[in-house]
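Summary of the model geometry
Here are the chains, one letter per residue:
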Amino acid sequence: MKILVPVKRVPDPATTIRVLADGSGIATDNVKWVINPFDEIAIEEALRIKEKQGAGEVILISIGQQTWQEQLRTGLAMGADRAILIRSETPLDTLAIARAIAKVATDEKPGIVMIGKQAIDDDSNQVGQMIAEMLGWPQATFASKVEIAGEKCTVVREADGGLETIAFPLPAVITTDLRLNEPRYASLPGIMKARKKPLAEIAVDSLGVDLAPKLKIKALNAPAKRQAGRKVASVDELVEVLHTEAKVI
Amino acid sequence: MGDVLVFAEHQGGHFPKTTLVAVNAGLEVARKRSGNCLAVIMGEGAENAAAEIAKFGVSKVIVLEDPRLEHHLADAAAQALASLIKSTGAETMLATATAMGKDLMPRLAARLNAPMASEIIAINDDGTFVRPMYAGNALATIELDGPVRVVTVRGTAFDAVKPTETAAPIEKVKAELDPASLKMEFVSFNEIKSDRPQLTEARIVVSGGRGLKSGENFKTVLEPLVDEMGAAMGASRAAVDAGFVPNDLQVGQTGKVVAPELYVAVGISGAIQHLAGMKDSKTIVAINKDEEAPIFSVADYGLVADLFKAVPEMVEAMKKIKH
Ligand SMILES: Cc1cc2nc3c(=O)[nH]c(=O)nc-3n(C[C@H](O)[C@H](O)[C@H](O)COP(=O)(O)OP(=O)(O)OC[C@H]3O[C@@H](n4cnc5c(N)ncnc54)[C@H](O)[C@@H]3O)c2cc1C
């Protein structure tokens, strides 16, 4: 089975994010760029399915600039078979990204689009669900367990108040949550091999899908900073101030 | 007129606070767009729930009827809601960013070819919205273009709506579904039962982190404090990943966002991803043995101590002020 894994380039989760004074974006000096951690989980899951089935192909796809090749190479070093970089010099909104990926999925005909539940930069949590609708496929969001038997897939989802199990035929879109697996590191031989794996580039305009932005970011501001309070010396003092000063207990 | 359709999520007929928050946000959008605010409801127990939500200031409640909507599966729900948006001519579809809202709304947006803003925290007069990005380290002003738009609201950013004297009319509508395209099937729901207040509704939240070291210690050390304070229990990702507590207790950027009157972080270092889920709490307390832990930078009251000593002491001290 072919599995298509969309990959986003994001600031390392340990980065301290600073909004530029003019509100045009975030400061990117000193930012280390990585694969969105949820997409790493998606790559890992795709690789495990391929390994278990003993056949198949894991294809990575990104929509971004040339620099995004770095993250695709990292994914190839983890074990993915090939990658597609859809070149777009400007950022696109979630609908346009989903349309572009859905178009590639229509051409590549994967059994699964495996994608992170959210990107840790814009925190939108939209693209997987949008791709599913555009393709008319089932969706299993926030997956913590994926089981495939023939053409049928069963997924345990992290819902509010418990775990939901749903079943559906493939092809489908699965969005990955934190507890699904622990992604492997790229090995040294993996990194060597990745250099020779195919990485195709396509211009986003050549896909023939509507890219006009409908979501516009008008301004970006830094949030008000919370002031640190004070240290208390003992449990008794803590309970006392919570009772008499903060009046919360 | 910019009518708003609020997705009234319920659990077998009962409304969580997050739904009352959505109604309040829906009323605010409707006011600013000179439109009406309607509620839409589906699933098992929808009829009773409709009578309930009708008392909260909406101008109409629509019950979408079809047995295939019972479990809120995304393919069916998106179809039914999309046809309803078209037939009502509503401008804005709004839900709370719960697990269900996050699952359904983007699919609906794609079906409507409408842009979507996730987890908004403010509604501006000019029709734009404010939403956090980068784990809350940036606040973006968002404009959504087109005749229809979809938004989810952050449950902590708006108050719950208050009940009114009158009740809105209830209309039942047969859902429009194309059976051939429905492929998702509900298998089971493994509910995590708890007698404690819900994490997203509690006045006090006590959360534990990796510092607790085991699920057993959550039970014997942390839970007595949680219960003595009448609190909900939360956790860091590290505690959930280690299997100390169930996943739906995770507070943070990629878990639940809470803003109680009092948040007590025990054995939690305070990574940005955790802060993103609790830094709007009114009063924050941190108990950590490392005085350099970043959690202290947002805490109103910090106690540098070994939690295994401090937490049992706190249980005793709580008992004293109560009696
Ligand atoms: C993509 C992504 C998403 C994430 N999403 C979330 C999220 O939603 N929520 C979240 O919480 N995290 C999230 N994280 C993880 C986050 O980065 C941190 O790793 C996590 O919050 C750490 O949990 P912790 O504070 O319990 O553990 P640690 O960082 O290990 O901290 C444990 C703390 O306990 C203290 N301690 C130990 N023993 C004692 C003792 N005896 N007495 C007192 N104090 C003690 C230590 O001093 C330390 O400060 C995410 C990370 C990534 C990459």
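Refer to the structure above for everything that follows.
Report on the accompanying structure. Fair warning: this is a prediction, and the values are worked out from it, not measured in the lab.

What to know about the side chain of Asn217(B)
The residue Asn217(B) is located in helix 5 (residues 215-228) in this model. For Asn217(B), the contacting residues outside a window of four places in its chain are Leu212(B), Leu222(B) and Phe308(B).

Brief notes about the interface of chain A and chain B
Facing the 77 residues of chain A at the interface are 85 residues of chain B. Buried area between chain A and chain B, summed over both chains or domains, comes out near 6800 Å², and the portion from carbon and sulfur atoms is 54%. Of all residues in chain A, Glu133(A), Lys214(A) and Arg226(A) bury the most surface against chain B, accounting for 11% of the area lost on that side. Where chain A packs against chain B, one counts nine salt bridges. At the junction of chain A and chain B, the tally comes to 49 residue pairs in polar contact (both at pLDDT 80 or more). The element contributing the most residues to the side of chain A that touches chain B is strand 9 (residues 162-169) of chain A, with eight residues. When grouped by side-chain class, the residues that make up the side of chain A that touches chain B number 40 nonpolar, 17 polar and 20 charged. Pairing of strand 9 of chain A with strand 11 (residues 185-191) of chain B, which is carried by six bridges, proceeds in the antiparallel orientation.

A word on the sheet that holds strand 16 (residues 301-304) of chain B
Taken together, six strands build an open sheet; the order of strands is 13(A)-16(B)-15(B)-14(B)-12(B)-13(B) and the sheet is parallel. Each edge of the sheet is formed by a strand with only one pairing partner; in this case those strands are strand 13 (230-232) of chain A together with strand 13 (232-235) of chain B. Sheet twist, expressed as the mean angle between neighbouring strand axes with direction ignored, is 25°. Strand direction decides the pairing type here: strand 12 (residues 204-208) of chain B and strand 14 (residues 262-266) of chain B, joined by five bridges, are parallel. The partner of Val206(B) across the bridge, within strand 14 of chain B, is Val264(B).

Let's talk about the site of the ligand
Close to the ligand lie 30 residues; Arg210(B), Ser236(B), Gln250(B), Ser269(B) and Asn288(B) are nearest. Taking Arg210(B), its side chain carries an N or O atom lying 2.7 Å from an oxygen atom of the ligand. Between the ligand and the protein, one listed contact pairs a nitrogen atom with a backbone N or O atom of Val251(B) at 2.7 Å. For the ligand, whose unbound accessible area comes to 990 Å², protein coverage reaches 85%. Of all elements in the fold, only helix 1 (37-53) of chain A together with helix 6 (237-241), helix 7 (272-275) and helix 8 (307-322) of chain B reach the threshold of two or more residues within the shell around the ligand. For the shell around the ligand, the residue count by class is eleven nonpolar, 13 polar and six charged.

Structural notes on the environment of Val23(B)
Residue and element names in this part refer to chain B. With respect to the secondary-structure elements, Val23 resides in helix 1 (residues 17-32). According to the relative accessible area criterion, Val23 is buried, its value standing at 0%. Here the alpha-carbon distance between Val23 and Asp159, two residues 136 residues apart in the chain, equals 9.6 Å. With near-sequence residues (within four places) excluded, Val23 lies in contact with Val6, Cys37, Ile53, Phe56, Val58 and Val161.

The rules behind the values
Residues numbered from 1 in each chain as written. Chains lettered and ligands numbered in written order. Predicted model: local features only at pLDDT ≥ 70, side-chain atom pairs only at ≥ 80, totals over all residues. Heavy atoms only, no water. Helix = DSSP H or I, 4+ residues; strand = E, 2+ residues; numbered from the N terminus. Contact = heavy atoms within 4.5 Å. Buried area = accessible area lost by both parts, 1.4 Å probe. Salt bridge = Lys/Arg side-chain N within 4 Å of Asp/Glu carboxyl O. Polar contact = N/O pair within 3.5 Å; in protein donor to acceptor, adjacent residues only side chain to side chain. Nonpolar A, V, L, I, M, F, W, Y, C, P; charged D, E, K, R; others polar. Pairing = 2+ DSSP bridges. Axes fitted to C-alpha atoms, helices over the stretch in contact; angles between N-to-C directions. Near = heavy atom within 4 Å. Areas by Shrake-Rupley, 256 points an atom, 1.4 Å probe, with all protein chains shown as cover. Buried < 20%, exposed > 50% of the residue type's maximum accessible area, 1.4 Å probe, protein only.

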